[in-house]
Amino acid sequence: MTAAYKRILLTGGGGFVGAHAAGALAAAWPDAFRVNLLRPGESAGNPAFSVAVCDLTDEAAVDRLVADVCPDLVVHLAGQASIGQSASAPEATWRANFHGAFGLGAAVGRHAPDAVMLFASTATAYGASFADGPATEETPLRPLDVYSRSKAAAESALADVVGPRARLLVARPVNHSGPGQRSRHFVLSSFAAQIAAIEAGKAEPRLEVGDLSKARDFLDVRDVVDAYMRLIAAAGDLPARAVFNVGSGEAHSIADLLEIMRGMARRPFEVHVDPARLRPAATDLASVRCDASKLRAATGWRPQHSMTDMLGALLDHWRAEIAGDAA
C-alpha cells in the first residue's frame, strides 16, 4: 500500500541525486506541501518545491525549520558526497555528514515524531568487508575513509535520535552516475567532461585517468531514485528501522566503462594515468559490489538502465554543458 504523505521535507534537492528525487516526489505526491532545504547560495532547484535556506550544521535553524514544516516524510540526501574531497577536508565532511544528519534527526524526533525518514548512506561503509565478496545488509561495516566513516556514524545516531515512533529507512547505494552529474570529482563524470571538451575542440585529445583496474558496482541515478521512491512508498509495511542495499550485484572495471565511452566519443583520444588521481592502496579496494536481494524482495525494484544507457546520458549531459559554456 502506497503511503499518502502530506508534508515533505527534502534536503539536497539542488544536487545531482536530489534533482531527480525532487521530480519523482512531486510527481508521486502532487498535493503534498513540499519544502526543499538548500544551502546558502545553492540554486533554487525544482519549482514544485518551496525553498528553505539554511546550513544543515546550524542546529537551531534546522530545528526551527522542522518545527515549522512538521513533515511526515523527510528525505535526507544532503552532505559531502565525494570520497576524494572528504579526504582533504575531514572536519567539514564530519560536520556535513554526521552533524548535519544528527541535528536533522534530532529535530525530527522533537517535532515530527511519527515521520518517515529516508537517509541516503553509502555502500562504501562496508569498506574492508568487500574483500570477502558481495556485501549484504548483514555484512559488517568496516569503513576505510572519512566519507564512509561519517556516513556509518550518522546511521547509528539517526537510529537513536529520530524517536521510537519514527520509521528510519537507511539506503546504502553503490556508485551512481548518469544525467545531471555536474561534478568532475567522480570518475565517470570526469571522463565524460573531458571527452566532451575534446569533442568540442576545447582540450587536447588526451584523457587524464586514475587506476583503471578497479571494479565497481555502478547504477544509473534514475534507478537509485526509483529504489528510494519504492522504499518511501512502502514504508508502512517495513520495519521501524530498516537498512537496504541499492546495487546491481555486478562489478564493472573502470577500464571497461571507459572503453564503452571511447566507443561513444566523436573524436579519438589517448589515455594518460595521472598519479595525482590515484588513491592510497589501503583504501582503494579491487572490487566493490552489493547484494540488493532484500530491496528486490521488499519492493520489486530492479535496475532498468544499462551501463550504456547511463554512460550515454552522462556524456550527452556534458556535451550540453560544454556547448552552454561556449554560448
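Residues numbered from 1 in each chain as written. Predicted model: local features only at pLDDT ≥ 70, side-chain atom pairs only at ≥ 80, totals over all residues. Heavy atoms only, no water.

Peer 1: Please explain the overall build of the protein chain as it appears in this structure.
Peer 2: A tally of helices and strands in the protein chain yields 10 helices and 14 strands. Since a compact globule built from 327 residues should have a radius of gyration of about 20 Å, the 19 Å found for the protein chain is in line with a globular shape. In terms of overall dimensions, the protein chain has C-alpha extents of about 55 × 50 × 40 Å along its principal axes. Sequence separation of 24 or more characterises 80% of the internal contacts of the protein chain that already satisfy a separation of 6 or more. Here the protein chain contributes 32 positive and 36 negative side-chain charges, whose respective centroids are spaced 1 Å apart. (Helix = DSSP H or I, 4+ residues; strand = E, 2+ residues; numbered from the N terminus. Rg over C-alpha atoms; globule rule 2.2 N^0.38 Å. Contact = heavy atoms within 4.5 Å. Lys, Arg positive; Asp, Glu negative; His and termini not counted. Charge placed at Lys NZ, Arg CZ, Asp CG, Glu CD.)

Peer 1: Can you walk me through the nonpolar core in this structure?
Peer 2: General note: in soluble globular proteins, nonpolar side chains tend to be found buried as a group. Within the largest apolar cluster, 46 residues are counted, with the highest numbers of intra-cluster contacts made by Tyr 5, Leu 25, Leu 77, Tyr 228 and Val 246. For this core, the elements supplying multiple residues, two or more each, are strand E1 (7-11), helix H1 (16-28), strand E4 (73-76), strand E5 (116-120), strand E6 (167-173), helix H7 (221-233) and strand E11 (241-246). If we skip the residues at most four places from it in the chain, Leu 77 touches Leu 10, Thr 11, Val 17, Gly 18, Ala 21, Leu 118, Ala 120 and Tyr 228. Val 35, Leu 56, Leu 65 and Phe 98 belong to the second-largest nonpolar core, a separate cluster that totals 29 residues. (Core = buried A, V, L, I, M, F, W, Y, C linked by side-chain atoms within 4.5 Å. Buried < 20%, exposed > 50% of the residue type's maximum accessible area, 1.4 Å probe, protein only.)

Peer 1: What's the story with the packing of helix H6 (residues 187-199) against helix H8 (residues 254-264) in this structure? I'm lost.
Peer 2: The angle between the axes and the distance between the axes are what describe a pair of packed helices. Where H6 meets H8, the axes come as close as 11 Å, and the angle between the chain directions of the two elements is 25°. Classified by the interaxial angle, the pair formed by H6 and H8 is roughly parallel. As H6 runs across H8, the sense of the crossing is right-handed. Within the contact between the two elements, H6 uses Val 187, Leu 188, Phe 191, Ala 192, Ile 195 and Glu 199 and H8 uses Ile 254, Leu 257, Leu 258, Met 261 and Met 264. Class assignment of the residues belonging to the contact of H6 with H8 gives a composition of 10 nonpolar, no polar and 1 charged. (Axes fitted to C-alpha atoms, helices over the stretch in contact; angles between N-to-C directions. Parallel < 35°, antiparallel > 145°, perpendicular 65-115°, else oblique. Left-handed = near helix turned anticlockwise from the far one by under 90°. Nonpolar A, V, L, I, M, F, W, Y, C, P; charged D, E, K, R; others polar.)

Peer 1: Would you mind showing me how to read H7 here?
Peer 2: Here H7 is 13 residues long and its end C-alpha atoms lie 18 Å apart, about the 18 Å a rise of 1.5 Å per residue gives. Regarding H7, the residues found buried are Val 221, Asp 223, Val 224, Val 225, Ala 227, Tyr 228, Met 229, Leu 231, Ile 232 and Ala 233. (Expected span 1.5 Å × (residues − 1).)

Peer 1: Is there a simple way to explain the pattern of salt bridges in this structure?
Peer 2: Pairing is possible between side chains that carry opposite charge, provided their charged atoms lie close to one another. Taken as a whole and judged by the stated rule, the model has 15 salt bridges. The partner of Glu 155 in a salt bridge is Arg 172, and the shortest N-O contact between them spans 2.7 Å. With a gap of 17 residues between them, Glu 155 in helix H5 (residues 146-161) and Arg 172 in strand E6 connect regions that are remote in the sequence. Measuring nitrogen to oxygen at the nearest pair gives 2.9 Å for the salt bridge that ties Asp 316 to Arg 319. Within this pair, Asp 316 and its partner Arg 319 are both found in helix H10 (residues 307-326), separated by 3 residues, close to a single helical turn. The partly exposed category is assigned to Asp 316, whose relative accessible area is 43%. Members of the salt-bridge network, linked through shared partners, are Glu 199, Asp 316 and Arg 319. (Salt bridge = Lys/Arg side-chain N within 4 Å of Asp/Glu carboxyl O.)

Peer 1: Which parts of the structure should I look at to understand the sheet that holds strand E12 (residues 252-253)?
Peer 2: Picture the strands of a sheet paired through backbone hydrogen bonds; they go either parallel or antiparallel. Taken in spatial order, the 3 strands of this open sheet run E12-E9-E14, and their pairing is mixed. The open sheet terminates on both sides in strands that have one partner only, identified here as E12 and strand E14 (287-288). Relative to E14, strand E9 (residues 215-216) runs parallel, the two sharing 2 bridges. Considered in E14, the bridge of Ala 215 is made with Ser 287. (Pairing = 2+ DSSP bridges.)

Peer 1: For this particular structure, what's the right way to read the environment of Asp 211?
Peer 2: Within the secondary structure, Asp 211 is located in the loop between strand E8 (206-209) and E9. C-alpha of Asp 211 to C-alpha of His 99: the two residues are 112 residues apart in sequence and 32 Å apart in space. For Asp 211, the contacting residues outside a window of four places in its chain are Ile 254 and Leu 278. Reaching out from Asp 211, the side chain makes a polar contact with the side chain of Ser 213 at a distance of 2.7 Å. (Polar contact = N/O pair within 3.5 Å; in protein donor to acceptor, adjacent residues only side chain to side chain.)

Peer 1: How should the packing of aromatic side chains be read in this particular structure?
Peer 2: Pairs of aromatic rings are described using the distance from one ring centre to the other and the angle between the two planes. All told, the structure shown has 4 aromatic pairs when counted by the stated rule. Judged by centre distance (5.8 Å) and plane angle (80°), the rings of Tyr 126 and Phe 130 are edge-to-face. Phe 130 matches Tyr 126 in its accessibility class, with the two residues each being buried. These aromatic residues form a ring-pair network of at least three members: Trp 94, Phe 98 and Phe 102. Note that Arg 34 overlies the ring of Phe 49, its terminal NZ or CZ placed 5.7 Å from the centroid. Sitting over the ring of Phe 244, Lys 294 keeps its end group 4.9 Å from the ring centre. (Phe/Tyr/Trp six-rings, centres within 6.5 Å; stacked < 30°, edge-to-face > 60°. Lys NZ or Arg CZ within 6 Å of the ring centre and 35° of its normal.)

Peer 1: Teacher, can you tell me more about H8 here?
Peer 2: Since the α-helix advances by 3.6 residues per turn, residues separated by three or four positions end up pointing in the same direction. Ile 254, Leu 257, Leu 258 and Met 261 are the residues of H8 that are buried. Seen along its axis, H8 keeps its buried residues to an arc of 100°; they face one direction. In H8, those exposed residues whose orientation departs by more than 90 degrees from the buried face are Asp 256 and Gly 263. (Arc of directions from axis to C-beta.)

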